[in-house]
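As a plain string of letters, each chain reads:
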Amino acid sequence: MSLSIGIVGLPNVGKSTLFNALTRAQNAIAANYPFSTIESNHAVVALPDERLTRLQGWVGVERAIPARVDFVDVAGLVKGAHKGEGLGNRFLGHIRHVDAIAHVVRCFDDENVVHVNEAPRPADDIVVINTELALADLQQLERRLEKLEREVKGDRGLQAQLNMARQVEAFVGEGKPLRDFAGRDDPVFAELDFEMRFLTAKPVIYVANVDEDGLQHGNDYLTAAGEIAAAEGALLLTVCAGLEQELASLGDEERAEYLSMYGLRGGSLDRLIAESYRLLGLISYFTYNDSETRAWTIGRGWTAPKAAGVVHTDMERGFIRAEVIPFAVFAEHQDRSAIRAAGLLQVEGRDYVVQDGDVILFRFNV
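The structure contained in this document is the topic of the report that follows. For every chain, the first residue of the written sequence is number 1, and numbering continues from 1 along that sequence. Two thresholds apply to this predicted model, a pLDDT of at least 70 for residue-level local features and 80 or more for giving and counting side-chain atom pairs, whereas whole-chain, interface and lining totals are computed over all residues. Excluding hydrogens and water, the side-chain figures rest on all heavy atoms present in the structure.

### Brief notes about the pairing of strand 2 (residues 41-46)
Phase 1: Side chains of strand 2 alternate between two faces, with Asn 41, Ala 43 and Val 45 buried and His 42, Val 44 and Ala 46 left unburied.
Phase 2: Two strands qualify as a pair provided that DSSP identifies no fewer than 2 bridges between them. The numbering of helices and of strands both runs from the N terminus, where a helix is a DSSP run of H or I of at least 4 residues and a strand a run of E of at least 2. Of the strand pairs in this sheet, strand 2 and strand 4 (residues 68-73) are connected by six bridges, and their pairing is antiparallel. Directly across from His 42, in strand 4, lies its bridge partner Val 72. Only protein chains enter the accessibility calculation, which uses a 1.4 Å probe; a residue whose area is less than 20% of its type maximum is buried, one above 50% is exposed, and one in between is partly exposed.

Structure, rendered in structure tokens:
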């Protein structure tokens, strides 16, 4: 299991610049004209987690393999994208399978960087993107409804899904995101969403892209974006993508110094991933052997067998027990033998709920 994040927004809001900063690479074209991104950009980056590095040192192995995060940057969306306007509509399918959406909003003035309108207007800009995502969902749902209405005549078992699809159509048709749909916990909705991969059902983080002055002092654009996010109960993350892209080429120590100058405790990557993890209810646990230590991403509340299945399906199928050391315990003793001698090694069964930071050895037999 890995975390995947789709980056969306209007053209020239800084999506590709943010992508380059997040991935510490120059994979995406960041240019001063609309639709400079004509292909979707994909990158896999390591999940920052200093616990993994510390564990590697304690157990004395050669490699540390972090959990991964997949980023997808698509072409800028414009009004009418769901009908084929602009280029972004070509790539909506690329983000239907992501776990969360990072919606980049331009919150700075720069006459040298063109905007699709005469000036940034965060409130209007956000509405354009959210509307296009909703209309894309509606367009896809209408096609599914046509098929369901034919199929239900020969299979009455599809009636519940048809009823749900009609409810969803009415809700989205009012311009509302499916994140707010009251029936989203219904298993029938979950089944429909699994098939359709609704864009507006995905959790969203608004990313306000500011200039360096806005990063330190804020501005009216940032205030407007913050009010919209607050009204939706969504998170607003403030970044200066241009600065982050410059910092991406620096070494860790020099980069940390620059971040400190701006009063930032971490870069965009760390903060975006951390908030996405929180939003999606994800945690990490660790394993190690004679050659490597490794981090694994799972959902909060997963039991030990299900967590073992992320490593290999055979481990879930043949699960016997989990030998668990909470990270704080490992940090105190830094040696498995000492932990066992102190009686602090937890031997857990099938019902054990894995906790964030657990160091686990799975016993299984197939």
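Further notes follow.
### Here's the deal with the sheet that holds strand 1 (residues 3-8)
Sheets are built from strands paired through backbone hydrogen bonds, the pairs being either parallel or antiparallel.
Phase 1: Strands sit in the order 2-4-1-5-6-7 across an open sheet of six strands; the sheet is mixed. At either end of the open sheet lies a strand with only one pairing partner, and these are strand 2 and strand 7 (235-239). Sheet twist, expressed as the average angle between the axes of neighbouring strands with direction ignored, equals 25 degrees.
Phase 2: Packed on one face of the sheet, helix 1 (residues 15-23) meets strand 1, strand 2, strand 4, strand 5 (100-106), strand 6 (204-209) and strand 7 and runs near 30 degrees to strand 2. All axes here are fitted lines through C-alpha atoms, helices being fitted over the stretch that makes contact, and every angle between N-to-C directions spans 0 to 180 degrees. Any pair of residues with heavy atoms lying within 4.5 Å of one another is described as a contacting pair.

### A word on helix 6 (residues 187-196)
Residue pairs spaced three or four apart in an α-helix point in one direction, given the helix's 3.6 residues per turn.
Phase 1: All of the buried residues in helix 6 are Phe 189, Leu 192 and Met 196. Across the axial projection of helix 6, the buried residues extend over an arc of 65 degrees, all falling on one side. Across from the buried face of helix 6, at angles greater than 90 degrees, the exposed residues are Pro 187 and Phe 194.
Phase 2: Tucked inside the fold, the buried residues of helix 6 contact helix 4 (122-151) and helix 5 (159-173).
Phase 3: We call two N or O atoms a polar contact when they sit within 3.5 Å, provided that within protein one can donate a hydrogen and the other can accept it, with sequence-adjacent residues counted only if both atoms are side-chain atoms. Where helix 6 starts, the residue carrying a side-chain oxygen 2.7 Å from the main-chain nitrogen of Val 188 turns out to be Asp 186.
Phase 4: Arg 197 occupies a position one or two residues after helix 6 and carries a positive phi of about 55 degrees. Comment: arc refers to directions from the helix axis out to C-beta atoms.

### Comments concerning the pattern of salt bridges
Phase 1: What counts as a salt bridge is simple: a side-chain nitrogen of Lys or Arg found within 4 Å of a carboxyl oxygen of Asp or Glu. What the rule picks out here adds up to 19 salt bridges.
Phase 2: The salt bridge involving Asp 70 is made with Arg 68; its shortest N-O contact spans 3.5 Å.
Phase 3: Residue classification places Asp 70 among the buried positions, given a relative accessible area of 16%.
Phase 4: Here the residues in one salt-bridge network are Arg 321, Glu 323, Arg 336, Arg 340 and Arg 363, joined through shared partners.

### A look at the nonpolar core
Phase 1: In this description, a nonpolar core means a group of buried Ala, Val, Leu, Ile, Met, Phe, Trp, Tyr and Cys residues linked to one another through side-chain atoms lying within 4.5 Å. If you look at the biggest cluster of nonpolar residues, it comprises 67 residues, and the most contacted ones within it are Val 69, Phe 71, Ile 95 and Leu 272.
Phase 2: Grouped together as the second largest cluster of nonpolar side chains are 20 residues, Leu 138, Val 168, Met 196 and Ala 201 included.

Read these as layout, nothing more, since geometry by itself doesn't imply function.
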